[in-house]
Amino acid sequence: LAKTTQPISMDSYEGQEVNITCSHNNIATNDYITWYQQFPSQGPRFIIQGYKTKVTNEVASLFIPADRKSSTLSLPRVSLSDTAVYYCLVGDIGRAGTALIFGKGTTLSVSS
Amino acid sequence: GAVVSQHPSRVICKSGTSVKIECRSLDFQATTMFWYRQFPKQSLMLMATSNEGSKATYEQGVEKDKFLINHASLTLSTLTVASAHPEDSSFYICSARASDRDTEAFFGQGTRLTVV
């Protein structure tokens, strides 16, 4: 499984766009990139997943360059409730029995 | 979307007793479930992979005789912390995927175990 590197923490203000970049230099051909959000004392919640280029859903966008060695999670107009830990995970999740391996994550703090 | 439910959400037990945590997939079948442990201000650490009808696969450093996993059906996996001690106090989280080709893993709400 590819190792990921992301900033330990980020600060933002309400209404701003937040971009969290994750490095995964050793990503393999079959690996997907998945982002999860975790609030204190809760299980992680799926945000978005992609393989290449750009993916957008109702809560975020995921930008993946052509070499796939990094990815950027973009959260538009964050609010206080977006304060959480964000994890970038890379793996061949299509393989039977493949667990998600979590790195340290990025703690996002949103202030008013 | 698919739901994974854990029970209990929090438990306090005395040192030396055993605690069972249940993980259920409510609207899908899961041949494989995963158990994680998370200490305060740390990331999730994979403990073991639970396989329906067979023995669990434990990560290096996880005592299989202490953390007993039973995956007796396609919708239920249980983690039993045997003879719990204060150092076992942690946040335990289970996860499952709806099928081998499903790209999204669903997580339970977690169980806060406090051993006193």
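This text follows the structure it describes.
Parameters at a glance
Residues numbered from 1 in each chain as written. Chains lettered and ligands numbered in written order. Predicted model: local features only at pLDDT ≥ 70, side-chain atom pairs only at ≥ 80, totals over all residues. Heavy atoms only, no water. Helix = DSSP H or I, 4+ residues; strand = E, 2+ residues; numbered from the N terminus. Pairing = 2+ DSSP bridges. Buried < 20%, exposed > 50% of the residue type's maximum accessible area, 1.4 Å probe, protein only. Polar contact = N/O pair within 3.5 Å; in protein donor to acceptor, adjacent residues only side chain to side chain. Contact = heavy atoms within 4.5 Å. Disulfide = S-S within 2.5 Å. Buried area = accessible area lost by both parts, 1.4 Å probe. Salt bridge = Lys/Arg side-chain N within 4 Å of Asp/Glu carboxyl O. Nonpolar A, V, L, I, M, F, W, Y, C, P; charged D, E, K, R; others polar.

Trainee: Is there a simple way to explain unusual backbone geometry in this structure?
Mentor: One can expect most non-glycine residues to show negative phi and most peptide bonds to be in trans. Omega for the bond connecting His-7 of chain B with Pro-8 of chain B falls within 30 degrees of zero, at 0°, which places this linkage in the cis form. Summarising the element assignment, Pro-8 of chain B is placed in the loop between strand 1 (4-7) and strand 2 (10-13). Despite not being glycine, Ser-41 of chain A shows a phi value in the positive range, around 60°. In this fold, Ser-41 of chain A is placed in the loop between strand 3 (32-38) and strand 4 (45-50). A positive phi angle, near 60°, is found at Lys-41 of chain B, a position not held by glycine. Here Lys-41 of chain B is to be found in the loop between strand 4 (32-38) and strand 5 (45-51).

Trainee: What is the right way to read the pairing of strand 5 (residues 53-56) of chain A from this model?
Mentor: Within a regular strand, side chains alternate between the sheet's two faces. All names here are of chain A. Two strands pair when backbone bridges link them, and strand 5 and strand 6 (residues 61-64) are joined in this way by four bridges, in the antiparallel orientation. Its bridge partner being in strand 6, Thr-56 is matched across the sheet by Ser-61. Counted along the chain from strand 5 to the antiparallel partner strand 6, the turn is four residues long.

Trainee: Can you walk me through the pairing of strand 5 of chain B in this structure?
Mentor: Residues and elements named next belong to chain B. Burial within strand 5 is extensive, with five of its seven residues counted as buried. For strand 4 and strand 5, the ladder comprises six bridges, and the chain directions are antiparallel. By the bridge assignment, Thr-32 is partnered in strand 5 with Asn-51. Counting the residues between successive antiparallel strands, the hairpin from strand 4 to strand 5 contains six residues, one of them, Lys-41, with a positive phi of roughly 60°. Sheet analysis places strand 5 next to strand 6 (residues 57-58), joined by two bridges and oriented antiparallel. Across the sheet, Ala-48 pairs through a bridge with Tyr-58, a residue of strand 6.

Trainee: Explain the side chain of Gln-37 of chain A to me, please; I cannot follow it from the model alone.
Mentor: Residue and element names in this part refer to chain A. Examined against the element boundaries, Gln-37 turns out to sit in strand 3. Of the polar contacts made by the side chain of Gln-37, one reaches the side chain of Tyr-86; its length is 3.0 Å. In contact with Gln-37, not counting residues within four places along its chain, are Gly-43, Pro-44, Arg-45, Ile-47, Asp-82, Ala-84, Val-85 and Tyr-86.

Trainee: Looking at this structure, how should I read the environment of Thr-31 of chain B?
Mentor: Take Thr-31 of chain B: it is sitting in the loop between strand 3 (19-25) and strand 4. Overall, the relative accessible area of 40% leaves Thr-31 of chain B in the partly exposed class.

Trainee: Got a minute to help me understand the state of the cysteines in this structure?
Mentor: Formally, a disulfide is one covalent bond, and it connects the sulfur atom of one cysteine to the sulfur atom of another. Enumeration according to the criterion identifies two disulfides over all chains in this entry. With a sulfur-sulfur separation of 2.2 Å, Cys-22 of chain A is cross-linked through a disulfide to Cys-88 of chain A. The disulfide joining Cys-22 of chain A to Cys-88 of chain A has a torsion of about -80° about its S-S bond and is therefore left-handed. Note that Cys-22 of chain A is positioned in strand 2 (residues 18-23) and Cys-88 of chain A in strand 8 (residues 84-91), a separation of 66 residues in sequence. A relative accessible area of 0% places Cys-22 of chain A in the buried class. Between the sulfur atoms of Cys-23 of chain B and its disulfide partner Cys-94 of chain B the distance amounts to 2.0 Å. Judged by the sign of its S-S torsion, about 80°, the cystine formed by Cys-23 of chain B and Cys-94 of chain B is right-handed. Highlighted residues: Cys-23 of chain B in strand 3 and Cys-94 of chain B in strand 9 (residues 90-97), separated in sequence by 71 residues. Classification of Cys-23 of chain B as buried rests on a relative accessible area of 0%. No disulfide involves Cys-13 of chain B; its sulfur sits 18 Å from the nearest other cysteine sulfur, which is in Cys-94 of chain B.

Trainee: Whenever I open this one, the interface of chain A and chain B confuses me. Can you help?
Mentor: Taken together, the contact pairs 21 residues of chain A with 22 residues of chain B. A combined buried area of about 1,600 Å² lies between chain A and chain B, and 53% of that area is made up of carbon and sulfur atoms. Taken together, the connections running from chain A to chain B amount to zero salt bridges. Connecting chain A to chain B are seven residue pairs in polar contact (both at pLDDT 80 or more). Mapped onto the side of chain A that touches chain B, the elements with two or more residues apiece are strand 3 and strand 4 of chain A. A per-class count over the side of chain A that touches chain B returns 10 nonpolar, nine polar and two charged.

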